[in-house]
Amino acid sequence: MPTIVQGAGPASKRHLTAMVRTDLSKPVSLAIADEILKPSSSFFDYGCGRGGDLQRLTAMGYEARGWDPAHRPDAKIRPADVVNLGYVVNVIEDPAERLEALRSAWALTGEVLIVSARPDWEARSVLGRPHGDGIITSKGTFQKFFAQEELRAWLDSGLSVRSVAAAPGIFYVFRDEVRAQSFLASRVRYRPVPVCRPRVTDVLYDANREAMESLAAFVTGRGRLPEAWELGNNGQKISDAFSSVKRAAAVLRRVLGEKDWDGDFAAARDRASKDLLVYLALAALTGRPKASRLPPDVALDVKALFGSYKAACEQADLLLRQVANQRAINTVCTGSPIGKLTPDALYVHASALGSLDPLLRVYEGCARALTGAVPGATLIKFTRTAAKVSYLAYPSFDQDPHPALSVSLRADLPRLHVKYRDFSASANPPVLHRKETFVPEGYPGREKFSRLTRQEERAGLLEEALTIGTRAGWQRRLDELGYRLAGHRLVRAANES
Ligand SMILES: C[S@@+](CC[C@H](N)C(=O)[O-])C[C@H]1O[C@@H](n2cnc3c(N)ncnc32)[C@H](O)[C@@H]1O
């Protein structure tokens, strides 16, 4: 039974830390997006506060229960597939009780424990006096702010596990190492936009359209033919209609056109091999699983794409060794066909990450192992001269012709340090130009971005690169030369009215 502290100290004020939520909390919505929390999973919110997450999840059809020592003391504490310990450990001032809360939540966990705590950069915005390893706030509550690696180290030593960074301040702890590996592999896997459309009608294809489309999507994503079980119900349909996946694939090849199919297959194989190498290189950071502990679908990828696990691991090791070589990083930055290269960095739109050279992907993966996914990151900056990767959020990237930087998060790899900067309230934030240079081909609006850049170049607006980098500097330049922007079009200011 968990300890419930009473008295006049900060422990008696803990109930005040629970906020009224108008939306799902960050860790819970992330767990849904990451398919950690599925509609079929049972969920228990340990330290649920006022129960905002529970209400919303129940309304969405999840089986969600929770307990809180202050707000729901009489609720039953019960095991569940997914347990959430959301922003609880940071309000407990006694380190022994904090660990006890963590271990109690872990003891209830069937599959995945989600642990979140307030990150260290939030400390700047909270006034308080020092108390133990945290502060007492003006409300009399305790807050401990965790650096990303500090939280990971505390989880790993407290539970004897290897936790996975899900996002800054949020970690997943998997009960089963195979499930953890499945999650890590899926995180770097290419997500196909099905591009294969049949050009000729084929009776067999049409009669089994849904199953055949799932087969095409699998091949495009994984670069190999699946086993029937990997397609779920569609696998059964394919076996019934064609007797084997191989035969179904032969029909698909005829329907889609042999040349197109072979070209798509080769490209998919190349992409999937790179995805797998990136996964295996990153898996080495936390201890690569033995071949027998690989998720069954990943084991099939390895066999089809590399022949053996040993061969795949050797190639992944080569890649990982290069990550520590800043010159090699600089060389791939310089040669990257994607992204904007400046004297000190390569900037790439987040949607292009999966298409980068595998070395840069592993390098970024090392940063992500430190920070977790950074929701809202628009651009990724690879510093060329030092081992630093930054995630930059430009919330109005698509709509604003010169979007402003809102927040940045920089991972300093050698120091295992994460630095956060918030520009959202700044009157003069940095702004972007030449947006098309950051995005991959086919990105919606890319042509519109290029057109604007050509207009701005012709008008001589982009010549003063040093002074136009901030909102005020850019506005001054527009005013000086007598222009204004109308959406992604440059117009003469004098033409107004
Ligand atoms: C910041 S609130 C977070 C509430 C909720 N998880 C959310 O994200 O909205 C912290 C909660 O932790 C609860 N709490 C404090 N000590 C606890 C303990 N030892 N075990 C479980 N929960 C605790 C408090 O009552 C409070 O409701």
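Residues numbered from 1 in each chain as written. Predicted model: local features only at pLDDT ≥ 70, side-chain atom pairs only at ≥ 80, totals over all residues. Heavy atoms only, no water.

Help me understand the overall build of the protein chain, please; the structure alone is not making it clear to me.
Counting its regular elements, the protein chain contains 16 helices and 17 strands. For a compact globule of 497 residues, the expected C-alpha radius of gyration is about 23 Å, and the protein chain comes in at 26 Å, within 12% of that figure. Relative to its full complement of 497 residues, the protein chain shows a buried share of 49%. A separation threshold of at least 6 residues defines the contact pool for the protein chain, and within that pool the share at least 24 residues apart is 63%. Element-wise, carbon and sulfur atoms account for 52% of the exposed surface of the protein chain, whose accessible area totals about 23800 Å². Charge centroids of the protein chain, computed over 69 positive and 56 negative side chains, lie 2 Å from each other. (Helix = DSSP H or I, 4+ residues; strand = E, 2+ residues; numbered from the N terminus. Rg over C-alpha atoms; globule rule 2.2 N^0.38 Å. Buried < 20%, exposed > 50% of the residue type's maximum accessible area, 1.4 Å probe, protein only. Contact = heavy atoms within 4.5 Å. Areas by Shrake-Rupley, 256 points an atom, 1.4 Å probe, with all protein chains shown as cover. Lys, Arg positive; Asp, Glu negative; His and termini not counted. Charge placed at Lys NZ, Arg CZ, Asp CG, Glu CD.)

Help me out: how do you make sense of the pairing of strand 17 (residues 489-492) in this one?
The two faces of the sheet receive side chains in turn, since in a regular strand these alternate between them. Here four bridges tie strand 16 (residues 483-486) to strand 17, and the two strands are oriented antiparallel to one another. Note on strand 17: the bridge partner recorded for Leu485 is Leu490. A loop of two residues connects strand 16 with strand 17, the two strands running antiparallel in sequence, and Gly487 in this loop sits at a positive phi of about 60°. (Pairing = 2+ DSSP bridges.)

Mind showing me how you'd approach the nonpolar core here?
One recurring pattern in soluble globular proteins: nonpolar side chains tend to sit buried together. Tyr172, Tyr279, Leu360, Val362, Tyr363 and Phe382 are the most contacted members of the largest nonpolar core, which totals 75 residues. Counting residues per element, this core draws most heavily on helix 10 (residues 258-286), at nine residues. Other than its neighbours up to four places away in sequence, Tyr279 contacts Gln181, Leu184, Ala185, Val188, Pro289, Leu294 and Val298. Counting 27 residues, the second largest nonpolar core, distinct from the first, contains Leu85, Val88, Leu151 and Val173. (Core = buried A, V, L, I, M, F, W, Y, C linked by side-chain atoms within 4.5 Å.)

Even after reading the chapter, I still don't get the sheet that holds strand 5 (residues 128-131), so can you show me in this structure?
To summarise the sheet geometry, strands pair through backbone hydrogen bonds and adopt either a parallel or an antiparallel arrangement. Spatial ordering of the open sheet is given by 5-6-7, a layout of three strands whose pairing is antiparallel. With partners counted over all chains shown, the strands left at the sheet margins are strand 5 and strand 7 (142-143), one partner each. Across two bridges, the pairing between strand 6 (residues 134-137) and strand 7 is antiparallel. What sits directly across from Ile135, in strand 7, is Gln143.

Looking at this structure, I do not really get the domain arrangement of the protein chain. What am I missing?
By a widely used convention, the size of an interface equals the accessible area lost when the partners come together. You can read the domains of the protein chain as domain 1 (10-175), domain 2 (177-323), domain 3 (326-435) and domain 4 (445-495). The straight-line distance from the C-alpha centre of domain 2 to that of domain 4 is 45 Å. (Domains from an automatic or database assignment.)

Just to check I follow, could you spell out the sheet that holds strand 9 (residues 170-174) for this structure?
Strand order in the open sheet made by the six strands is 2-1-3-4-9-8, with mixed pairing throughout. Edge positions in the sheet fall to strand 2 (63-67) and strand 8 (164-167), since each has one partner strand and no second. Neighbour-to-neighbour, the strand axes of this sheet turn through a mean angle of 25°, independent of strand direction. Bridge count between strand 1 (residues 42-46) and strand 2: five bridges; the pairing is parallel. Following the sheet pairing, Asp45 is matched in strand 2 by Gly66. (Axes fitted to C-alpha atoms, helices over the stretch in contact; angles between N-to-C directions.)

Mind showing me how you'd approach the packing of aromatic side chains here?
The geometry of an aromatic ring pair is captured by the separation of the ring centres together with the interplanar angle, meaning the angle of the planes. Taken as a whole, this structure holds twelve aromatic pairs when the rule is applied. A centroid spacing of 6.2 Å and a plane angle of 80° characterise the contact between Tyr172 and Phe174, whose relative ring orientation is edge-to-face. Phe174 carries the same exposure label as Tyr172, and that label is buried. Each ring, one from Phe397 and one from Tyr443, has its centre 6.3 Å from the other, and the planes form 85°; the classification is edge-to-face. On the criterion of sequence distance, the pair formed by Phe397 in the loop between strand 13 (388-393) and strand 14 (407-412) and Tyr443 in the loop between strand 15 (417-422) and helix 15 (446-458) is long-range, its members being 46 residues apart. An identical accessibility class is assigned to Phe397 and Tyr443; each is buried. (Phe/Tyr/Trp six-rings, centres within 6.5 Å; stacked < 30°, edge-to-face > 60°.)

What am I meant to see in helix 3 (residues 95-108) here?
Each full turn of the α-helix corresponds to 3.6 residues, which orients residues three or four apart in the same direction. End to end, helix 3 covers 20 Å across 14 residues, agreeing with the expected 20 Å (1.5 Å per residue, within 8%). Every buried residue belonging to helix 3 is among Glu97, Arg98, Ala101, Leu102, Ala105, Trp106 and Leu108, and all of these are buried. On its buried face, helix 3 sits against strand 1, strand 3 (80-86), strand 4 (109-116), strand 7, helix 4 (148-159) and strand 9. The N-cap residue of helix 3 is Asp94: its side-chain oxygen and the backbone nitrogen of Ala96 are 3.1 Å apart. (Expected span 1.5 Å × (residues − 1). Polar contact = N/O pair within 3.5 Å; in protein donor to acceptor, adjacent residues only side chain to side chain.)

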